[in-house]
Amino acid sequence: MLTKKILALILLVFLSGVLFYAGLGKVSLWDIDEPNNAECAREMMLRHDPIVPTFNWELRTDKPVLIYWCMWASYKLFGVNEFAARFTSPLFGITTVILVFLAGNALLGWPVGFWAGLILSVTLFFNVSVRIATPDAALIFFINLAIFSFLLGYEKRRAIFFYLFYLAMGLAVLAKGPMGIVLPVGTICLFLLIKRDIAVLKEIKVWQGLILFTLIVLPWYLLVGLKTDGAFLKGFLLKHNIHRFLSPMEGHKGPFFFYLLVLPFAFFPWGGFLPYLLWAGHKSRVENSITNTEIFLWLWLVLFIGFFSLARTKLPTYINPIYPALAVLTAFYLQNLPRWAERCLLHFNAFFGLLLLLGGGAALVYFYPHLAWVALFGLILLLFWQIGLYFSRQNKKNWVVLSQFIAAYIFTLAVVFLGTPAIDQYKLTKPFALEIKSKLTPNTTIIAYHYFQPSLVFYTQHKVLKTDNPQTVKDIVNQPEQTFIIGRQSPLQALKTQLPNLQFLQCRPGFYVRDVICLGYVKTQKP
């Protein structure tokens, strides 16, 4: 049995590793989050400052420090490039797959752990999170390590798991902030109230745990607060946590039920199982056969989704930390999978394939005609829909699930190796930035005029002045230096009437905006 478990774990690590690292450095960074994080880590490395995050050489208060430390280490190993910026995200993804295998095995049996690992490894939004240069992969791992450690400690009554719980919470707070403690502790409090087991608080090493948590979290937050005179803490806690919760930011808003709409697609290819999961969980509760693990994980899902449903700023990725728990519950309920649940799974994936083929195809024809062929990836899902139906008619439940795993695996690889490189050709910031970088001198100024993408800073490795004011541009170009200006075509053409020596080096249709973006150049001679 031990050999079987080890082989299962090796298989999971291999499959997830191939999937998460496949083509990791093939495409340029995706604005806006990836280059913000990657450049921030690069600047911290150049300044030899592990405390204060900066972007474009100005204080950046968006995220805590853990992701920047990870990228800094990667840059030392691989140099400053896309692969290095993203390197640790797949690593956290693999460790999360290992975590659900080990936790599922310990709590519900090794088949549950194995299936949970398979399910999680191809889940759509989990895949996105573990392939990009953001703190999400680290948060997902540490916050789930925290909740599963507590659950294991509660079930096994072993102190080591409780210490691991506090350790993981501390690292989650370094990865993303207060949510790393608020949501796990909130779930635990609800769980203990429902179980009427407040007495367990005597066993979970509260004081020792708080000391461990404080030793992990306090030093950096204290130092960054002191070194920035409180500016980082004010911006991070007030703006990017409290204000983001109370008010929509950057146009990211939605109705209260936003995540209920997102979840079936984000949990692809398993979104069709969601009605069955609700039914199976309700059945366990009614029959009084529900386990502590089920209760805890359902509370985690409800609290997490409910918390971000109340938040005024909404993004589909905010609920990404729920997918490991959802994978474990799905794997557990596979044991008694009815035929109607199989059909829900298969038909939803067929719907997803048709939506991509027809809806995605129509959108691509309209916006990017040369990329319309990408919509054909929907045919992969339709093909495996038929394969799944065949296994369903043969009453081979495991093969039904495996067919959809294989479909999602192939679909992801097709997107990685064919889709995203094709899309990347339409992104213009990196080509513009590399042209600028090839001509940089000590007296070069780069101006983003009526248009700015953070990747411009990362790829030029130079400070970029953002302005919409033509007078500011005129004041700069009148100085004895060369100036590059990147911006929308119409404002730049209007600017050219005031700056006759402004040359257009190249213009291309924008990828992130429906406009033509141009790269201009002004050379001012010394008087």
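Scroll up to find the structure.
Residues numbered from 1 in each chain as written. Predicted model: local features only at pLDDT ≥ 70, side-chain atom pairs only at ≥ 80, totals over all residues. Heavy atoms only, no water.

A. How the structure looks around empty space enclosed by the protein. This model, assessed by the stated rule, comprises one cavity of 30 Å³ or more. Mapped by element, the contributors of at least two residues to the lining of the largest cavity are α20 (429–438) and α21 (455–460). Looking at the lining of the largest cavity, its residues break down into six nonpolar, three polar and three charged. (1 Å grid on protein atoms, 1.4 Å probe; cavity = no way out; pocket = protein on both sides within 12 Å on 5 of 7 lines; lining within 4 Å. Points joined across faces, edges and corners; volume = space filled by probe spheres on them. Helix = DSSP H or I, 4+ residues; strand = E, 2+ residues; numbered from the N terminus. Nonpolar A, V, L, I, M, F, W, Y, C, P; charged D, E, K, R; others polar.)

B. View of the pattern of salt bridges. Under the defined criterion, the tally for this structure stands at 15 salt bridges. Taken together, the salt bridges that share partners define one network made up of Arg-47, Asp-49 and Lys-227. (Salt bridge = Lys/Arg side-chain N within 4 Å of Asp/Glu carboxyl O.)

C. Representation of the state of the cysteines within the structure. Using the criterion set out here, one finds one disulfide in the structure. Through a disulfide, Cys-507 is tied to Cys-518; the S-S separation comes to 2.1 Å. Taking the sign of the torsion about the S-S bond as the criterion, the disulfide between Cys-507 and Cys-518, at about 110°, is right-handed. Here Cys-507, found in strand β6 (residues 503–509), pairs with Cys-518, found in strand β7 (residues 516–523); they are 11 residues apart in sequence, far enough to count as distant. With relative accessibility at 32%, the residue Cys-507 sits in the partly exposed group. Of all cysteine sulfurs in the structure, the one in Cys-40 sits closest to Cys-70, which takes part in no disulfide; the separation is 13 Å. Exposure remark for Cys-70: the relative accessible area of 14% places this residue in the buried category. (Disulfide = S-S within 2.5 Å. Buried < 20%, exposed > 50% of the residue type's maximum accessible area, 1.4 Å probe, protein only.)

D. View of a nonpolar patch on the surface. The grouping of Leu-190, Leu-193, Ile-198, Leu-201, Val-206, Trp-207 and Leu-210 at the surface amounts to a nonpolar patch, some 670 Å² of accessible area in total. When residues of the nonpolar patch are traced back to their parent elements, those giving at least two are α10 (179–195) and α11 (206–227). Counting residues per element, the nonpolar patch draws most heavily on α11, which supplies three residues. As for its placement among the helices and strands, Val-206 is situated in helix α11. (Patch = residues over 30% accessible without salt bridge, like charges linked within 9 Å, V, L, I, M, F, W, Y side chains within 5 Å. Areas by Shrake-Rupley, 256 points an atom, 1.4 Å probe, with all protein chains shown as cover.)

E. Examining the sheet that holds β7 more closely. Pairing is mixed in the open sheet, where five strands are placed in the order β4-β3-β5-β7-β6. Both edges of this open sheet fall to β4 (464–467) and β6, since each of them pairs with a single strand only. The sheet shows a mean angle of 20° between the axes of neighbouring strands, direction not considered. Judged from the six bridges that link them, β6 and β7 form a sheet pairing that is antiparallel. Residue pairing for β7: Gln-503 is matched across the bridge by Tyr-521. Packing against the sheet, α20 makes contact with β3 (444–449), β5 (482–488), β6 and β7, and its axis sits at approximately 160° to β6. (Pairing = 2+ DSSP bridges. Axes fitted to C-alpha atoms, helices over the stretch in contact; angles between N-to-C directions. Contact = heavy atoms within 4.5 Å.)

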